[in-house]
Amino acid sequence: MGAGGQMNVNSDDKNVLERVPVKKPPFEISDLKKAIPLHCYKRDLLRSLYHLISDLAVIYTLYQLASTCIPLLPTPLKYIAWPIYWFVQGTCFMGAWTVGHDLGHHAFSEYEWLDDTLGFVLHSAFLTPYFSFKYSHRSHHAHTNSMEYDEVWIPKRKADTLYSEVLNNPLGNLFMTFGRLVLSYPMYFAFNIHGRKYDGFVSHFYPQSPLFNDSERKFIWLSDAGMIVALYALYKIALATSFTWLFCIYGVPLLVLNGHFIFFSFVHHTHPSLPHFDLREWDWIRGAMSTVDRDYGIINSIFHNVTCAHVVHHLISNIPHYHLLEATEAIKPILGDYYKYDATPILKAFWRETKECIFVEPDEGAEDSGVYWWCK
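Source: prediction; values computed, not measured.

Quick look at the packing of aromatic side chains
A ring pair, where both rings are aromatic, is described by two values, the distance of the centres and the angle of the planes.
Moving on, step 1. Following the criterion strictly, the structure yields 26 aromatic pairs and no others.
Moving on, step 2. Within the aromatic cluster, the residues linked to one another by ring pairs are Trp97, Phe133, Tyr185, Tyr188, Phe189 and Phe261.
Moving on, step 3. Seen from the ring of Trp373, Arg19 lies directly overhead, with NZ or CZ sitting 4.1 Å from the centre.
Moving on, step 4. One Lys or Arg, Arg286, reaches over the ring of Phe277 and ends 5.2 Å from the middle of that ring.

So, in structure tokens, the structure goes:
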């Protein structure tokens with residue numbers, strides 16, 4: 001198993017980069033589920049609606065302030081006010097998008113038809129193909145950290161010289177980081193960049209894509225229709241105002257949401273202490289545990305704590321976001337050294353991971369272990 005048997009200590013005075021264990025755990029998913037209080041599984045429609053409506057109310061308030069107040073500011077102050085608005089509004093977009101993510105996991109209410117209806121409208125408004133993402137994301141949860149079958153952030157191998165040699169330097173790292181944050185979101189949905197390799201054309205917009213099974217394809221058409229309606233509505237808004245106005249009010253915050261999504265998914269699935277497994281060694285529970293909880297400070301609450309409670313979300317994905325912290329505390333004593341929490345300031349951690357996690361390889365002398373660790 002390589003060096004995967006090293007102990008992981010999460011206290012501040014220990015090395016947070018120590019590897020988690022990779023041997024099969026002495027507990028089952030049923031043990032974790034039993035440890036979580038029963039009320040954490042309750043999907044309270046009124047409470048969920050409160051969070052969704054609150055997010056939308058904040059977004060609307062920010063829109064009103066930006067559209068009415070920023071144009072009245074002196075020109076020098078506009079150059080300060082607009083970037084502040086873009087980042088804050090884009091961050092709030094991501095918070096509402098996260099509720100849409102809950103909807104896709106049927107973690108919003110007891111009514112799946114209602115979850116899908118709200119999720120379809122909400123994600124379409126953020127130019128995200130709801131059902132397409134729901135299905136590929138479900139596959140990601142089913143195959144987390146599998147070298148062959150995970151759906152996203154498949155790590156590169158040393159043999160991929162573009163990553164291991166050409167881009168493995170400060171300039172290449174900067175180029176890749178910029179490309180990830182700006183382009184990866186639309187490129188993932190359009191062309192499955194960072195995704196699993198399939199035979200044939202792969203796209204979240206293509207109903208015949210091998211991403212989907214036959215029973216799902218009609219909903220991909222519906223996702224596409226939602227995107228077309230949203231784009232047409234934005235086009236009509238641009239005609240009624242201006243394309244510049246729409247870009248400032250909606251377009252740039254949407255790019256910030258895109259960056260948050262890529263940043264978020266990257267840092268929660270990329271950490272020097274976490275393994276990947278091939279078919280010889282992978283099983284669901286070890287894959288699901290091989291994620292990391294992070295601390296985003298005040299943004300934790302805006303993102304509904306899926307940042308600092310991501311591990312439990314991978315283990316039991318239909319727990320509503322407002323119970324994730326309590327559920328995490330309940331299972332931590334059972335997870336023990338298998339649980340990874342990294343309180344490194346998030347920007348510092350992101351930059352560290354982009355430098356240290358370039359490709360994966362088995363440990364020297366353990367080439368047949370089926371366990372892969374990040375290298376640089």
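So, next bit.
Things to note about the pattern of salt bridges
Moving on, step 1. What the rule picks out here adds up to 17 salt bridges.
Moving on, step 2. The partner of Glu361 in a salt bridge is Arg157, with the nearest N and O atoms 2.9 Å apart. Taken together, the residues span a long stretch of sequence, with Glu361 in strand 4 (residues 359–361) and Arg157 in the loop between helix 5 (130–142) and helix 6 (161–166) at a distance of 204 residues.
Moving on, step 3. The buried category is assigned to Glu361, whose relative accessible area is 19%.
Moving on, step 4. Measuring nitrogen to oxygen at the nearest pair gives 3.8 Å for the salt bridge that ties Arg280 to Asp368. Residue Arg280 is located in the loop between strand 1 (276–277) and helix 10 (284–289), and its partner Asp368 is located in the loop between strand 4 and strand 5 (371–375); the two are separated by 88 residues in the primary sequence.
Moving on, step 5. Through salt bridges that share partners, Arg294, Asp342, Arg352 and Glu353 make up one connected network.

Overview of the confidence of the model for the protein
Moving on, step 1. In this model, the protein carries a mean pLDDT of 92, and residues with pLDDT of at least 70 account for 96%.
Moving on, step 2. Ignoring residues within four places in sequence, the model shows residues 1–13, a span with pLDDT below 50, making 33 contacts including any to other chains.

Quick look at helix 5
Moving on, step 1. Taking 1.5 Å per residue as the helical rise, helix 5 with its 13 residues ought to reach 18 Å, and the 18 Å between its terminal C-alpha atoms agrees with that figure.
Moving on, step 2. For helix 5, the buried fraction is high: eleven of the 13 residues fall into the buried class.
Moving on, step 3. Here helix 5 has its buried residues at Tyr130, Phe131, Ser132, Phe133, Lys134, Tyr135, Ser136, His137, Ser139, His140 and His141.

Observations concerning the nonpolar core
Moving on, step 1. Core analysis: the largest hydrophobic core is formed by 75 residues, its most contacted members being Ile36, Trp97, Phe126, Tyr296, Val312, Leu315 and Leu335.
Moving on, step 2. Top contributing element to this core by residue count: helix 9 (residues 243–269), with twelve residues.
Moving on, step 3. Residues within four places of Leu315 in sequence aside, it is in contact with Ile29, Leu32, Trp284, Ile285, Ala288, Met289, Ile331 and Leu335.

Some words on the sheet that holds strand 1
Moving on, step 1. Taken together, the three strands give an open sheet; going across it, the order is 1-5-4, and neighbouring strands pair in antiparallel fashion. Strands with a single pairing partner mark the edges of an open sheet, and in this sheet they are strand 1 and strand 4.
Moving on, step 2. Relative to strand 5, strand 4 runs antiparallel, the two sharing three bridges. Residue pairing across strands places Glu361 opposite Trp373, the latter belonging to strand 5.

Some thoughts on the state of the cysteines
Two cysteines form a disulfide when their sulfur atoms are joined by a covalent bond.
Moving on, step 1. Applying the stated criterion across every chain yields a total of zero disulfides.
Moving on, step 2. Lacking any disulfide linkage, Cys308 is separated from the closest cysteine sulfur, that of Cys40, by 14 Å.
Moving on, step 3. Not part of a disulfide, Cys357 finds its nearest cysteine sulfur in Cys375, a span of 9.3 Å.
Moving on, step 4. You can call Cys357 buried: its relative accessible area is 4%.

Brief notes about unusual backbone geometry
Generally, phi is negative for residues other than glycine and the peptide bonds are trans, each holding for most cases.
Moving on, step 1. Positive phi values are uncommon outside glycine, yet Trp153 reaches one of about 55°.
Moving on, step 2. Here Trp153 shows up in the loop between helix 5 and helix 6.
Moving on, step 3. Of note in this structure, His194 is not a glycine but carries a positive phi near 70°.
Moving on, step 4. Within the fold, His194 resides in the loop between helix 7 (170–191) and helix 8 (217–240).

A closer look at the packing of helix 5 against helix 8
Moving on, step 1. Close contact between helix 5 and helix 8 brings their axes to 6 Å; oriented N to C, the two are set at 135°. In terms of axis orientation, helix 5 runs oblique to helix 8. Side by side, helix 5 and helix 8 meet where Tyr130, Phe131, Ser132 and Tyr135 of the first sit next to Phe219, Ile220, Leu222 and Ser223 of the second.
Moving on, step 2. When its residues are assigned to classes, the contact of helix 5 with helix 8 shows six nonpolar, two polar and no charged.

Looking at the packing of helix 3 (residues 75–104) against helix 5
Moving on, step 1. The interhelical angle for the contact between helix 3 and helix 5, taken along N-to-C directions, is 65°, at an axis separation of 10 Å. For the crossing formed where helix 3 meets helix 5, the hand is right-handed. Contacts between helix 3 and helix 5 involve Trp97, Gly100, His101, Leu103 and Gly104 from the first element and Tyr130, Phe133, Lys134 and His137 from the second.
Moving on, step 2. Partitioned by chemical class, the residues of the contact of helix 3 with helix 5 number four nonpolar, four polar and one charged.

Each value, and the rule that gives it
- Residues numbered from 1 in each chain as written.
- Predicted model: local features only at pLDDT ≥ 70, side-chain atom pairs only at ≥ 80, totals over all residues.
- Heavy atoms only, no water.
- Phe/Tyr/Trp six-rings, centres within 6.5 Å; stacked < 30°, edge-to-face > 60°.
- Lys NZ or Arg CZ within 6 Å of the ring centre and 35° of its normal.
- Salt bridge = Lys/Arg side-chain N within 4 Å of Asp/Glu carboxyl O.
- Helix = DSSP H or I, 4+ residues; strand = E, 2+ residues; numbered from the N terminus.
- Buried < 20%, exposed > 50% of the residue type's maximum accessible area, 1.4 Å probe, protein only.
- pLDDT = per-residue confidence, 0-100.
- Contact = heavy atoms within 4.5 Å.
- Expected span 1.5 Å × (residues − 1).
- Core = buried A, V, L, I, M, F, W, Y, C linked by side-chain atoms within 4.5 Å.
- Pairing = 2+ DSSP bridges.
- Disulfide = S-S within 2.5 Å.
- Axes fitted to C-alpha atoms, helices over the stretch in contact; angles between N-to-C directions.
- Parallel < 35°, antiparallel > 145°, perpendicular 65-115°, else oblique.
- Nonpolar A, V, L, I, M, F, W, Y, C, P; charged D, E, K, R; others polar.
- Left-handed = near helix turned anticlockwise from the far one by under 90°.

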